[in-house]
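Report on the structure
Below are the chains, spelled out letter by letter.
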Number of protein chains: 2
Amino acid sequence: MPDAADLAPMNTPSRRKFRREGEERRRQDLIEATLNSVAEHGLEGATLRTIALRAGVTAGLIRHYFPSKEELLQEAYAALMGRMTEQAKAALVMEDASPRKRLAAFVTANLNAPIIDARVFSLWATFIGRAGSDPSLARAHREGYLGFRNEVEAVVAEVLAAEQREPDASQLRHHAIAINAIIDGLWVEGCLAGEMFSPGELATIGIKSIEAELGLAPERGENQ
Amino acid sequence: MPDAADLAPMNTPSRRKFRREGEERRRQDLIEATLNSVAEHGLEGATLRTIALRAGVTAGLIRHYFPSKEELLQEAYAALMGRMTEQAKAALVMEDASPRKRLAAFVTANLNAPIIDARVFSLWATFIGRAGSDPSLARAHREGYLGFRNEVEAVVAEVLAAEQREPDASQLRHHAIAINAIIDGLWVEGCLAGEMFSPGELATIGIKSIEAELGLAPERGENQ
DNA sequence: GCGCTATTTATACACTTGCACAACAAGCTC
DNA sequence: GAGCTTGTTGTGCAAGTGTATAAATAGCGC
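Residues numbered from 1 in each chain as written. Chains lettered and ligands numbered in written order. Predicted model: local features only at pLDDT ≥ 70, side-chain atom pairs only at ≥ 80, totals over all residues. Heavy atoms only, no water.

1. Digging into the relation of the copies chain B and chain A
Overlay of chain B on chain A (RMSD 0.1 Å): rotation 180°, translation along the axis 0.0 Å. On the angle and the small slide along the axis, the relation comes out as a two-fold axis. A symmetric contact is evident, with 100% of the interface residues of chain B recurring at the interface of chain A. (Least-squares fit on C-alpha atoms with pLDDT ≥ 70 in both. Contact = heavy atoms within 4.5 Å.)

Pasting the structure below:
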């Protein structure tokens, strides 16, 4: 449908006003608009025009910052993964706490907002669904996954060391895989049906389950 | 590009030969072609023409069986979910075995082919990614998930009863949630990076982890 | 204020998409 | 084999797609 300019046959140049933003800002905005579009309507609904509309610009501008739509999508996915892993690891930097407390904090952080989030899950699922046919996506995922699992393995080693236990490499790996699965599985459940769980319930379940996996005696008295 | 008919200016009627298949067969073929298309190129790549080509028919025929593309996709998703839950539950019907063996068989079945499968995972992720914005998809998922979890909870109750333990409803629910997460998490890991694990390794990890979760003493002598 | 440049808009284009519909023929009944 | 039903094809169409490119203008250095 033509816009109102057609109805004013006068001398309307009527070109859209615009502002020049910084390059980094524009790229960021476009990536954010892309992620929002994908989260809401899937990859199919993320058209250049939709994305541009969300970012408050016209479609043509996208090509000025990204050589093709494919590049924009890849950068958006990279940004998403970066944010996810960054948040996930952030809970591990409590230098002073005991290994066990750090592990618990890690689990708690990963099983509450903002990591438990329907929008982020939708994005993850949408992109990861193409990992089977897109090798670059598959590699990006595997790197992120291994990095995550290595973090887990490191903390687990610390926790067990503090308990005077000396697992071999194979046992350590198995623990890390299992704990990673527990966190991932609870994350999926929480994202897909968050209202089925009371606040903090998933974290409680996760911590207990992981303690059982590691053969740790339950902590007493701490919090309820 | 026009087809070869243009190059033969004779009397070529040259209409494509076809066979009339049964209705159920055609619907099944179209659904299968849809799932294959989605698995390979995502929802965006699943166009009517692509699907028809895969099914060996022309695009127009699809409308004869499905009122719209949306309906076809919904039926395809329903078929996928049905197959998945059916396979997952199939391992539970060993009437005679002990509860613990049934649980182990259930876990083993869910962490090996054909349930661990990159194509199925790709499909699951692609569809579930839209659960956030499509309420009918979300409901379909939740029903499947709860059904699965209830199955788990029932077996867990049997296992614990056989050990003379009497968990209350809350403990039972927590166990079911955790075990479900373990299976789901390992399933995701296996589908996305199956070659990182030796055959049967995921099942071994899952069984051990679940036994730890339930506080069961490890079985001895059975298999390694 | 005055250019200049690069950001931004707007338009064009070739192509694809889902859907509609008319023409056709496969396979049944007689 | 004739006739009919309907499954199937082929074509058309309006809307939307990504990309290319020309035209405009915002905001900088001067």
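2. A closer look at the protein's contact with DNA strand D
If you check the shell around DNA strand D, you find 25 residues, and the closest are Arg 63 of chain A together with Arg 15, Arg 20, Arg 26 and His 64 of chain B. Within 4 Å of the protein, atoms of DNA strand D come from sugar and phosphate in 64% of cases. In the model, a base nitrogen of DNA strand D is placed 3.0 Å from a nitrogen or oxygen of the Arg 49 of chain A side chain. Between DNA strand D and Arg 20 of chain B, the relevant distance is 2.3 Å, taken from a base oxygen to a side-chain nitrogen or oxygen of the residue. Here the surface near DNA strand D takes four residues from helix α3 (residues 59–65) of chain B, the largest share from any one element. Considered class by class, the residues forming the surface near DNA strand D number six nonpolar, five polar and 14 charged. (Near = heavy atom within 4 Å. Polar contact = N/O pair within 3.5 Å; in protein donor to acceptor, adjacent residues only side chain to side chain. Helix = DSSP H or I, 4+ residues; strand = E, 2+ residues; numbered from the N terminus. Nonpolar A, V, L, I, M, F, W, Y, C, P; charged D, E, K, R; others polar.)

3. Considerations on the pattern of salt bridges
Taken as a whole and judged by the stated rule, the model has 28 salt bridges over all chains. Residue Glu 201 of chain A pairs with Arg 173 of chain B through a salt bridge whose shortest N-O separation is 2.4 Å. Here Glu 201 of chain A is found in helix α9 (residues 201–214), whereas its partner Arg 173 of chain B is found in helix α8 (residues 169–192) on a different chain. Judged by relative accessible area, Glu 201 of chain A falls into the buried class, the value being 10%. Overall, the relative accessible area of 23% leaves Arg 173 of chain B in the partly exposed class. The shortest N-O distance in the salt bridge between Glu 32 of chain B and Arg 83 of chain B comes to 3.3 Å. Taken as a pair, Glu 32 of chain B in helix α1 (residues 23–45) and Arg 83 of chain B in helix α4 (residues 69–90) lie far apart in primary sequence, 51 residues in all. You can call Glu 32 of chain B partly exposed: its relative accessible area is 26%. It is possible to trace a salt-bridge network through shared partners that takes in Glu 32, Arg 83 and Arg 119 of chain A. (Salt bridge = Lys/Arg side-chain N within 4 Å of Asp/Glu carboxyl O. Buried < 20%, exposed > 50% of the residue type's maximum accessible area, 1.4 Å probe, protein only.)

4. Structural notes on the domain arrangement of chain A
Residues and elements named next belong to chain A. According to the domain assignment, chain A consists of domain 1 (20–66) and domain 2 (76–214). The gap between the C-alpha centroids of domain 1 and domain 2 is 30 Å. At the interface, nine residues of domain 1 touch 10 residues of domain 2. Taken together, both faces of the contact between domain 1 and domain 2 bury some 850 Å²; the carbon and sulfur share is 68%. Contact with domain 2 buries surface across domain 1, with Leu 35, Ala 39 and Leu 43 losing the most and accounting together for 58% of the total. Along the contact surface separating domain 1 from domain 2 lie two salt bridges. Among the salt bridges present, the one from Arg 119 reaches Glu 32, with a minimum N-O distance of 3.6 Å. (Domains from an automatic or database assignment. Buried area = accessible area lost by both parts, 1.4 Å probe.)

5. What about unusual backbone geometry?
Residues and elements named next belong to chain A. With an omega of 5°, the peptide bond running from Ala 113 to Pro 114 counts as cis. In the Ramachandran plot, Gln 164 falls in the positive-phi region, its phi being about 60° despite a non-glycine side chain. Structurally, the position occupied by Gln 164 is in the loop between α7 (135–162) and α8 (169–192). For Gln 164, a relative accessible area of 70% translates into the label exposed.

6. Some remarks on the protein's contact with DNA strand C
Arg 15, Arg 26 and Tyr 65 of chain A together with Arg 63 and Lys 69 of chain B are the nearest of the 26 residues found near DNA strand C. Backbone atoms, meaning sugar plus phosphate, form 61% of the atoms of DNA strand C positioned within 4 Å of the protein. Between DNA strand C and Arg 26 of chain A there is a distance of 2.3 Å, counted from a phosphate oxygen to a side-chain nitrogen or oxygen. Interatomic distance of 2.3 Å between a side-chain N/O atom of Tyr 65 of chain A and a phosphate oxygen of DNA strand C. Sorting the residues of the surface near DNA strand C by element identifies α3 (59–65) of chain A together with α2 (48–55) of chain B as the ones contributing at least two each. Counting residues per element, the surface near DNA strand C draws most heavily on α3 of chain A, which supplies four residues. Residues of the surface near DNA strand C, tallied by class, amount to seven nonpolar, five polar and 14 charged.

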